[in-house]
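# Descriptive analysis of the structure
Residues per chain are reported as follows:
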Amino acid sequence: MTFNRRAFLGTSAMAAAVLAAPRLYAAAHGGKPKVVVIGGGAGGATAARYIAKDSDGAIDVTLIEPTRTYYTCFFSNLYLGGFKQYDDLGHSYGTLASDYGVNVVHDYAVGVDRDAKTVTLASGDSLPYDRLVLSPGIDFVAGSVAGWDVSAQNAMPHAYKGGSQTQLLKAQLEAMPEGGTFVMVAPPNPYRCPPGPYERVSMVAWYLSQNNPTAKIIIADPKENFSKQGLFEEGWQKHYSGMITRIGPDFGGGNVTVDPAAMTVDIDGEVINADVVNVIPAMKAGHIAAVAGVTDGNWAPVNPGDMTSKMDENIHVLGDASAQGDMPKSGFSANSQAKVAAMSIRGALTGSQVFPAKYSNTCWSLIAENDGVKVGASYEPTEEKIASTGSFVSQTGEDAALREATYQESEGWYSGITADMFG
Amino acid sequence: MTLLARFSLVAVVACLAQVATAAEEIGDAERGEALFRQCQSCHQIGPDATNRVGPHLNGVFGRTAGSVEGFRYSKAFERAGSKGLEWHIDTLGSFLENPKAIVPGTRMSYRGMADAQDRADLIAYMRDFSASPANIPESDPTARAVSHDLDPAILEIQGDPAYGEYLASECQTCHRVDGQDSGIPSIIAWPEDDFVIAMHAYKTKAREHPVMNMMAGRLSNEEIAALAAYFATLE
């Protein structure tokens, strides 16, 4: 997207017109404009930090996040593989509060009154907002895997939200008997982190190849194709020959019933006795998005230029929960979207400059020790959606030095994005 | 004018500004659907599409020419595929314009679609039946990016650090502003000229790195100058 002077003048003129807003706001309400952010992940924490940082105290920012220490879902597969410690994934909100002045509230948002513009917390407290940022991540679609519900997540963990579920799956992996069977029930599109399930299989295979080399991995998959498929399949053949079997939809991979009490998985009539079952159900926007009434089906549709909800111009929906077009659901995408939304919110509430939106994403995956691959794309808003305008992906047959450099780069990205989220 | 009316006017101006700088859709898929009728006697597309006189066209974007399983291609198409012809927006466009010029000897008895808009609309329709970038990020683009031409006086451009600060937020997903390097190099406090030269080397792919080629490739000369100006101020 070219930034030309005409567009710049246009946005400046707009900014000048909006400049009246905070003064009017202060006159009417006797205080600073208020932004409430629900969800402290890659979308919400980034949005809270950028709004607070760039408005220099002109906007009151409240971040609602139930967990005191945030464990990232991204890189959690590397913990399963033994390349990260659990503590490496944990981040505190302390700097957002102390250095950026964000009011961090550890509670659940349970209601949104869009007419009164208030958010209700589980504690019963109510918070007013001028702009609301919803970045609630994902929840699971009830009944999407026959035999599984949240009450079964201890027997058959999803481990697809960061935190205790990841630890549980790791413990189950370590407790697998010699030559045991690990089954993954892979999710249907669209879902958080397109290469994620397959990186997880790679990391489980890495762990097993080191500790339990006669164990087997079976993937029941309702999708014909998946991201980085050629790269993963090449890597599985190279590093874990004979260990991994993927059953796609042509062979009944989409027709799965699990029995958490018996620890069996029925794949199209064939019953498998499993030692560990990782059920990754179909996904939907985090529940509060539906409570707020901004979802259409499973996701919350947004306008491509500023991530505002198509149902409510005072609400921005970020990250996995949003339906925006071509961007994959990823931490990188959420972080990218948060910066566009933060700029737009500051423009509306304080009259700061609003520049044209730019989005990007890159997803790194680790296949084995020092065997890293990546996929990325750039995106621009069209009238209809956020559209992809170009992409790249690692190639099969790359040499070991390049793969190692790609892995090093992913380490750098983790360090970069967590600093960008939490300060 | 009421306050409300003024605000909606502002909203309209904001929308116009966005549209003016937006990426371009490939074409009008609805119009393309109507145009596809002339293909339908031989090609199927959509759920349950199968090979008929011609191969089905689901998933055609990113596919090697002549590679649909179970379809018997002409020798000409097999040769084109083995020589590396892949279907993307541009190659599909050329092929539709004049099939026999791109794959001489193809059995497809279609003279070609002369009108560029018609081709764009048809391709936009067909794009809906290939992998979605939301699910498979490496799949083909669904819009055309605005192109950026190189300006000879690149190093003369005075960057606007305020604009650079906004653009820099995209860099900071990976590059730490405190200058720490844990696998991705520091980019703060560089001389502006060095920064501009490095970014243009990525933009023109004189320096290879897929992420940086993508990031720099979409920046205009002014934007690179703005970034250089901003990062030079950081310590």
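Residues numbered from 1 in each chain as written. Chains lettered and ligands numbered in written order. Predicted model: local features only at pLDDT ≥ 70, side-chain atom pairs only at ≥ 80, totals over all residues. Heavy atoms only, no water.

## As for the sheet that holds strand S24 (residues 386-393) of chain A
Residues and elements named next belong to chain A. To keep it simple, the criterion reads: In this analysis, strands are considered paired if DSSP registers two or more bridges between them. Put simply, DSSP marks the helices as runs of H or I at least four residues long and the strands as runs of E at least two long, and each gets a number from the N terminus on. To get an axis, fit a line to the C-alpha atoms, keeping to the stretch in contact for a helix; angles then go from 0 to 180 degrees between the N-to-C directions.
Here we have three strands laid out as an open sheet, ordered S22-S23-S24, and antiparallel in their pairing. The open sheet has two edge strands with one neighbour each: strand S22 (359-368) and S24. Averaged over all pairs of adjacent strands, the angle between their axes in this sheet comes to 20°, without regard to strand direction. Bridge analysis of strand S23 (residues 371-381) against S24 gives seven bridges, and the strand direction is antiparallel.

## Some points on the domain arrangement of chain B
Test applied: Each domain's limits were defined by an automated method or a database of domain assignments.
Domain assignment breaks chain B into domain 1 (29-144) and domain 2 (154-233). Taken over C-alpha atoms, the centre of domain 1 of chain B sits 38 Å from the centre of domain 2 of chain B.

## Quick look at a positive patch on the surface
Under the convention used in this document: Patches were defined on residues exceeding 30% relative accessible area and lacking a salt bridge, with like-charge contacts within 9 Å and nonpolar side-chain contacts (Val, Leu, Ile, Met, Phe, Trp, Tyr) within 5 Å. Where accessible areas are quoted, they stem from the Shrake-Rupley method and a 1.4 Å probe; at the residue level, only the protein chains shown are allowed to cover. Whenever Lys or Arg places a side-chain nitrogen within 4 Å of a carboxyl oxygen from Asp or Glu, that contact is recorded as a salt bridge. Lys and Arg are tallied as positive, Asp and Glu as negative. Neither His nor the chain termini are counted. Every charge is mapped to an atom, namely NZ of Lys, CZ of Arg, CG of Asp or CD of Glu.
On the surface, B:Arg72, B:Lys75, B:Arg79, B:Lys83 and B:Arg107 cluster together into a positively charged patch. Structurally, B:Lys83 can be placed in the loop between helix H3 (75-82) and helix H4 (89-97).

## A short note on a negative patch on the surface
Residue and element names in this part refer to chain B. Selection criterion: Note on classification: 1.4 Å probe, protein chains only; a residue is buried when its accessible area is under 20% of the maximum for its type, exposed when over 50%, partly exposed between these limits.
Negative charge collects at one region of the surface, where Glu156, Glu192, Asp193 and Asp194 lie side by side. Secondary-structure assignment places aspartate 193 in helix H8 (residues 192-203). For aspartate 193, a relative accessible area of 41% puts it in the partly exposed group.

## Remarks on helix H6 (residues 116-127) of chain B
Residue and element names in this part refer to chain B. Going by this rule: Any helix carries an expected span of 1.5 Å times its number of residues minus one. Throughout, a residue-residue contact means that at least one pair of heavy atoms, one from each residue, lies within 4.5 Å. Contacts described as polar in this section are N or O atom pairs within 3.5 Å, which, within protein, must combine one atom able to donate a hydrogen with one able to accept it, while residues neighboring in sequence count only if both atoms come from side chains.
For H6, which comprises twelve residues, the first-to-last C-alpha distance of 16 Å matches the rise-based estimate of 16 Å (1.5 Å per residue) to within 8%. The buried fraction of H6 amounts to ten of the twelve residues, a majority that puts the element mostly inside the structure. When we look at burial in H6, the residues that qualify are Asp118, Arg119, Ala120, Asp121, Leu122, Ile123, Ala124, Tyr125, Met126 and Arg127. For H6, the secondary structure elements touched by its buried residues are helix H2 (29-35), H4 and strand S2 (143-144). The backbone nitrogen of glutamine 117 lies 3.1 Å from a side-chain oxygen of the residue at the head of H6, namely aspartate 115.

## Description of the packing of aromatic side chains
Residue and element names in this part refer to chain A. Condition: Think of it this way: a Phe, Tyr or Trp ring, Trp meaning its six-membered ring, pairs with another when their centres are within 6.5 Å, and the plane angle makes it stacked under 30 degrees, edge-to-face over 60, tilted otherwise.
Scanning the entire structure with this criterion turns up 30 aromatic pairs over all chains. Taking 4.6 Å as the distance between ring centres and 15° as the angle between the ring planes, the aromatic pair formed by phenylalanine 75 and tyrosine 414 counts as stacked. Remark: tyrosine 414 occurs in helix H11 (residues 400-422) and phenylalanine 75 occurs in the loop between strand S3 (69-71) and helix H4 (76-81); sequence separation between them is 339 residues. The pair phenylalanine 75 / tyrosine 414 is uniform in exposure class, with both members buried.

## Focus on the packing of helix H3 (residues 44-55) of chain A against helix H10 (residues 331-350) of chain A
All names here are of chain A. Cut-off, in case you're wondering: These descriptions rest on fixed angle ranges, namely under 35 degrees for roughly parallel, over 145 for roughly antiparallel, 65 to 115 for roughly perpendicular, and the rest for oblique. Handedness of each helix crossing follows the sense of rotation of the near helix against the far helix: counterclockwise by less than a right angle gives left-handed, clockwise gives right-handed.
Contact pair H3 / H10: the axes reach a minimum separation of 8 Å and the direction vectors enclose 40°. In terms of axis orientation, H3 runs oblique to H10. Judged by the twist between their axes, the crossing of H3 over H10 is right-handed. Taking contact as the criterion, the partners of Thr46, Ala47, Tyr50, Ile51, Asp54 and Ser55 in H3 are, on H10, Asn335, Ala338, Lys339, Ala342, Ile345 and Arg346.

## Looking at unusual backbone geometry
All names here are of chain A. Cis geometry is found at the peptide bond from asparagine 189 to proline 190, where omega equals -10°. By secondary structure assignment, the location of proline 190 is in the loop between strand S11 (181-185) and helix H7 (196-211). One non-glycine residue, lysine 228, adopts positive backbone phi at about 60°. Among the structural elements, lysine 228 can be located in the loop between strand S12 (216-220) and helix H8 (229-239).

## Topic: the pattern of salt bridges
Two side chains that carry opposite charge are able to pair once their charged atoms sit near each other. Residue and element names in this part refer to chain A. Throughout the structure, instances matching the rule amount to 22 salt bridges over all chains. Two residues, aspartate 371 and arginine 403, come together in a salt bridge whose shortest N-O distance is 2.7 Å. Here the residue aspartate 371 occupies a position in strand S23, and arginine 403 occupies one in helix H11, the gap between them amounting to 32 residues. For arginine 403, a relative accessible area of 5% translates into the label buried. By sharing partners, the salt bridges in this structure join Glu234, Asp371, Glu398 and Arg403 into a single network.

## Some thoughts on the domain arrangement of chain A
All names here are of chain A. Operational definition: Throughout, buried area stands for the accessible area (probe radius 1.4 Å) lost by two parts on being put together, summed over both. Think of it as three bins: nonpolar holds Ala, Val, Leu, Ile, Met, Phe, Trp, Tyr, Cys and Pro, charged holds Asp, Glu, Lys and Arg, and polar takes everything else, Gly as well.
When the domains of chain A are assigned, the result is domain 1 (5-139 + 284-354) and domain 2 (158-281). Relative placement of domain 1 and domain 2: their C-alpha centres are 33 Å apart. Facing 19 residues of domain 1, the contacting portion of domain 2 comprises 21 residues. Buried surface at the junction of domain 1 and domain 2, summed over both partners, amounts to about 1,800 Å²; 63% is from carbon and sulfur atoms. Our count for the domain 1 to domain 2 interface comes out at two salt bridges. Linking domain 1 to domain 2 there are ten residue pairs in polar contact (both at pLDDT 80 or more). Tallying contributions element by element places H4 first for the side of domain 1 that touches domain 2, with six residues. Here the side of domain 1 that touches domain 2 is composed, by residue class, of ten nonpolar, six polar and three charged.

## A word on the nonpolar core
Applicable threshold: By convention a nonpolar core is built from buried Ala, Val, Leu, Ile, Met, Phe, Trp, Tyr and Cys residues, the set being connected through side-chain atoms within 4.5 Å.
Formed by 155 residues in total, the largest nonpolar core has its most connected members in A:Ile38, A:Ile217, A:Trp413 and B:Phe231. No other element matches H10(A), which puts nine residues into this core. Contact partners of A:Ile38, with chain neighbours within four places excluded, come to A:Ile64, A:Ala109, A:Val112, A:Val119, A:Leu132, A:Val133, A:Leu134, A:Ser135, A:Pro136 and A:Ile288. If you look at the next biggest cluster of nonpolar residues, it comprises 28 residues, including B:Val68, B:Phe71, B:Ala80 and B:Met113.

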